[in-house]
Amino acid sequence: MLGTLWLALFAVSASAQVPGMAPPAVAQTSGQAGDTSALAREATGWLGELIRINTTNPPGNEEAAAKYIAGILQKEGIKAELLPLQAGRSALVARLTSSAFPDPSKALLLVAHMDVVGVERAKWTVDPFGAVAKDGYIYGRGAVDDKGMLAANLAGAGDASIRMLIAKYWDKIAAKYSINEGGNVFVKNGKVQYVAVQASEKVAVNVTVIAKGTSGHASIPLKDNAVTHLAAAVTKIGNYTAPVHFTTIVRRYFEGIAPVLQDDEIAKWIRSLDTSDRGEHAARVISDTNPMWNAMLRDTISPTVLTAGVRANVIPSEARATLNVRLLPGNTITALLAELNKLVNDPQVKLEVQPDGGLAAPDSSLESEFYAAIVKASAEEFGGVPVLPFQSTWATDSAQLRLHNVQAYGLVPFPLTDDDIKRMHGDDERISAAAFAKGVKLMVRLANEFAVSH
Ligand SMILES: [Zn+2]
C-alpha cells in the first residue's frame, strides 16, 4: 500500500531543527487524503498544546514538547526515538517505513524546530503561551514559526544543531528529499498571490569591525578617538551597496513573479533586470521597491551591535561593531571584505570574520520529481497561482541537509500576509485557523502522494 516509503520525523531542541511528517495522514493513506478537515481539527489541537509548552530558547527546554509529540506518534503506532545532542537537548525522530530495511533514497524527511524565540510579554495583548483563539486566529509564540509546521507535518526543529544531528545520527535521518521551513505562501489583498518554494539560501557570516585609538580623559579630545573612527567606518559600510549578481534560482523567481504583480511599471522593470542596457537602472528601481528583492539580488550587510566605552568621561582605546553579512551562495566573504577595506580605508580600523559563519550549499534541484509534485499540489491547493523557486535571504537548517545531498525544499504551507510574517519573531504572533487548515491539507497531500509514488 505504501510502496517502499519510509519517512523520518525528528525534532531537535532549541536552535536545532525538528523534522517531522504527517503520520496519521500517511498511516491512513491508500485512498486519497481522507478527511483532511478532521485531521486539520486534530492538528489544531496539537498546535495549541505545543504553544502551551514553553520552549523559549534559551534555554529551549524542548524535552516536554518532544515527549508530547512522541505520545501522539505512539497513538498512531509509530515509534519515535529521542536522540540526545547536548545536556537537556534532543532531537526526536520517527520513521514510517513499509519495508524491513529503510531505503534513504526513497525517503522524505519532514523537518521542523521545537524551540521558539523569546517574547516581550508587555507588548502582547494575550498570553503568548496560552494558545488563545480569537477572531478566527490562534495566538501564541510559535503559532507560525515553527510549531504550526511542527503540528502540520506533525513535524517541526533548530541549532543544538542540525550539524550535530547529522554528525551523530545520519543513519537515522538520511533521506533523498526533505521539507522544512524556508519558503512561504504569500498573501496580498486577501488572496494567495504566489507560492515560493525555497531551494537555496543566502549564507550568514558575522564580521567584527574593530577601531583602535588612544585612550584618555574626555576633557581633551583626540583625533584618533576609536568611537569616531568606528562610527565613520560603520557609516561607510552601512551605505555600501554590493553589485547585483543573478543566481539561477533568483533569475527563475523574477521571471515567474513579473506576471503576478498588479503593478505594470514594476513588472516592466523586473523584465528589464537581466538586460545589459537597462539592467542596472532596473535593479535600482526593484531594490528600492522591496527590501527583500534588494537582498535577493546581492550580498548585504546589516550593522547590528555597537560596543564601546565604560564611562562618560573616558575615551576608550577600542570600539567594536558587529556586521551581519548575508552572502549570495557562490560569493566569498574574502572578496567582500577586500571591497570593504578599500572603502573604509582607515589604518585604525580592522575587519575580522567571526568563526560561526554558515556554509554555502548547492541548490536543490528544480528538475526533481518531488519538486514537480510540490509545484503541482501547491498550485492546485491555492487556485492555480504561480509556484516559484525561491532563494531565501534567511538561513535554515536545509543548507546542512543540502550539503549531504538531500534535495531539501522549504515551504511553510500556510497562506501568510506580510502582517502575519512580521509577527513571527515579534508581538502577538498568530495564525488564522483557516490558513492552518489549508497548510495541513497541503502537507497531508504531499506526504500521501510521496508515499504512493515511492
Ligand atoms: Zn523557524
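Heads up: these notes are all about the structure in this document. Here the structure is a predicted model, which is why all the values come from computation and not from measurement. Along each chain, the written sequence defines residue order, and numbers are assigned to residues from 1. Two thresholds apply to this predicted model, a pLDDT of at least 70 for residue-level local features and 80 or more for giving and counting side-chain atom pairs, whereas whole-chain, interface and lining totals are computed over all residues. For the side-chain quantities, the full set of heavy atoms in the structure was used; hydrogens and water were omitted.

## With respect to the overall build of the protein
- Here a helix means four or more residues in a row that DSSP labels H or I, a strand means two or more in a row labelled E, and each is numbered from the N terminus. Along its length, the protein carries 15 helices and 19 strands.
- In summary, the protein has a C-alpha radius of gyration of 23 Å against a globular reference of 22 Å for 454 residues, a match within 12%.
- Summarising its shape, the C-alpha atoms of the protein cover approximately 80 × 55 × 45 Å along the three principal directions.
- When accessible area is computed with a 1.4 Å probe and restricted to protein chains, residues below 20% of their type maximum are described as buried, those above 50% as exposed, and intermediate ones as partly exposed. Within the protein, the fraction of its 454 residues that count as buried is 54%.
- Pairs at least 24 residues apart make up 80% of the contacts formed inside the protein by residues separated by at least 6 positions.
- Surface exposure here means Shrake-Rupley accessible area, sampled with a 1.4 Å probe, where a residue is shielded only by the protein chains that are shown. About 19300 Å² of surface is accessible on the protein, with carbon and sulfur atoms providing 53% of the total.
- In this tally, Lys and Arg are treated as positive and Asp and Glu as negative; His is ignored, and so are the chain termini. Charge placement uses NZ in Lys and CZ in Arg. For Asp and Glu, CG and CD serve respectively. Averaging the coordinates of the 43 positive side-chain charges in the protein and doing the same for the 46 negative ones gives two points 2 Å apart. For the radius of gyration, the atom set is restricted to C-alpha positions; the globular benchmark scales as 2.2 Å times the number of residues to the power 0.38. Residue contacts follow a heavy-atom distance rule, with two residues in contact if any of their heavy atoms lie within 4.5 Å.

## What to know about the coordination of the zinc ion
- For Na, K and Ca the donor cutoff is 3.2 Å, while for all other metals N, O and S atoms count as donors only within 2.8 Å; water does not appear among the atoms, so some sites may look incomplete. The zinc ion binds to the protein through H113 (NE2), D145 (OD) and E181 (OE); the donor distances cover 1.9 to 2.2 Å.
- Counting the intervening residues between successive donors of the zinc ion yields the motif H-x31-D-x35-E. A residue pair is termed long-range when its members are at least 10 positions apart, and H113 in the loop between β4 (107-110) and β5 (133-134) and E181 in the loop between β7 (177-180) and β8 (185-188) qualify at 68 residues.
- Its relative accessible area of 10% is what places H113 among the buried residues.
- A relative accessible area of 14% means that E181 is categorised as buried.

## Quick look at the sheet that holds strand β12 (residues 300-308)
- The four strands are arranged β12-β14-β10-β15 in an open sheet whose pairing can be described as antiparallel. Since the sheet does not close on itself, it has two edges, and those belong to β12 and β15 (349-353), each with one partner. Strand-to-strand twist across the sheet, computed as the mean angle between neighbouring axes with direction ignored, equals 25°.
- Working convention: axes come from line fits to C-alpha atoms, limited for helices to the stretch in contact. Angles between N-to-C directions cover 0 to 180 degrees. Lying on the sheet, helix α6 (residues 226-238) is in contact with β10 (203-212), β12, β14 (318-327) and β15; it crosses β14 at an angle near 15°.
- Contacts from helix α11 (residues 333-344) reach β10, β12, β14 and β15 within the one sheet, and its direction differs from that of β15 by about 170°. When DSSP finds at least two bridges between two strands, those strands are taken to pair.

## Some remarks on the environment of R423
- Along the chain, R423 turns up in helix α14 (residues 418-423).
- In this structure the C-alpha to C-alpha distance between R423 and D145, which are 278 residues apart in sequence, comes to 9.7 Å.
- When sequence neighbours within four positions are dropped, the list of residues in contact with R423 reads Y139, R141, D428, E429 and R430.

## Quick notes on the packing of aromatic side chains
- Only Phe, Tyr and Trp rings are paired, with Trp represented by its six-membered ring, and only when their centres lie within 6.5 Å; those with planes under 30 degrees apart are stacked, over 60 edge-to-face, the remainder tilted. Considering all chains together, one arrives at 14 aromatic pairs under this definition.
- Consider the rings of F186 and Y194, whose centres lie 4.8 Å apart with planes at 25°: the pair is stacked.
- For Y194, a relative accessible area of 4% puts it in the buried group.
- Chaining the aromatic ring pairs together yields one cluster made of F186, Y194, Y253, F254, W293, F390 and W394.
- The ring centre of Y137 lies 3.6 Å from the NZ or CZ of R430, which sits over that ring. Two conditions define a charge sitting above a ring: the NZ of Lys or the CZ of Arg must be within 6 Å of the ring centre, and it must be within 35 degrees of the ring normal.

## Comments concerning the nonpolar core
- The term nonpolar core refers to a set of buried residues drawn from Ala, Val, Leu, Ile, Met, Phe, Trp, Tyr and Cys, joined through side-chain atoms within 4.5 Å. Among the nonpolar cores identified, the biggest contains 60 residues, and I179 and F436 are the most heavily contacted of them.
- The residues contacting F436, other than those within four sequence positions of it, are A40, A43, T44, L47, G148, A151, A152, F414 and I431.
- By size, the runner-up hydrophobic cluster in this structure holds 25 residues, among which are Y194, V250, I270 and M296.

## Quick word on the side chain of K202
- Tracing the sequence through the fold places K202 in the loop between β9 (191-201) and β10.
- By definition here, a salt bridge exists when the distance from a side-chain nitrogen of Lys or Arg to a carboxyl oxygen of Asp or Glu is within 4 Å. The buried charged residue K202 lacks any salt bridge partner; its closest oppositely charged side chain belongs to D299, at an N-O distance of 5.6 Å.
- Definition of a polar contact: a pair of N or O atoms within 3.5 Å, with one able to donate and the other able to accept a hydrogen when the atoms are protein atoms, and with sequence-neighbouring residues admitted only if both atoms are side-chain atoms. Engagement of the side chain of K202 in a polar contact is seen with the backbone oxygen of A295, the distance being 2.6 Å.

## Here's the deal with the packing of helix α8 (residues 264-272) against helix α9 (residues 279-289)
- Two numbers describe how α8 lies on α9: the axes approach to 8 Å, and their chain directions differ by 135°. In terms of their interaxial angle, α8 and α9 are classed as oblique. At the point where α8 passes α9, the crossing takes the left-handed sense. Where α8 abuts α9, its residues I266, W269, I270 and S272 lie against G279, H281, A282, V285, I286 and T289.
- A per-class count over the contact of α8 with α9 returns six nonpolar, four polar and no charged. Geometric relationships in this document are graded by angle, where less than 35 degrees denotes roughly parallel, more than 145 denotes roughly antiparallel, 65 to 115 denotes roughly perpendicular, and other angles denote oblique. The handedness criterion is simple: a crossing whose near helix is rotated anticlockwise from the far helix by less than a right angle is left-handed, and one whose near helix is rotated clockwise is right-handed. Gly counts as polar in this scheme, as do all residues outside two lists: the nonpolar Ala, Val, Leu, Ile, Met, Phe, Trp, Tyr, Cys and Pro, and the charged Asp, Glu, Lys and Arg.

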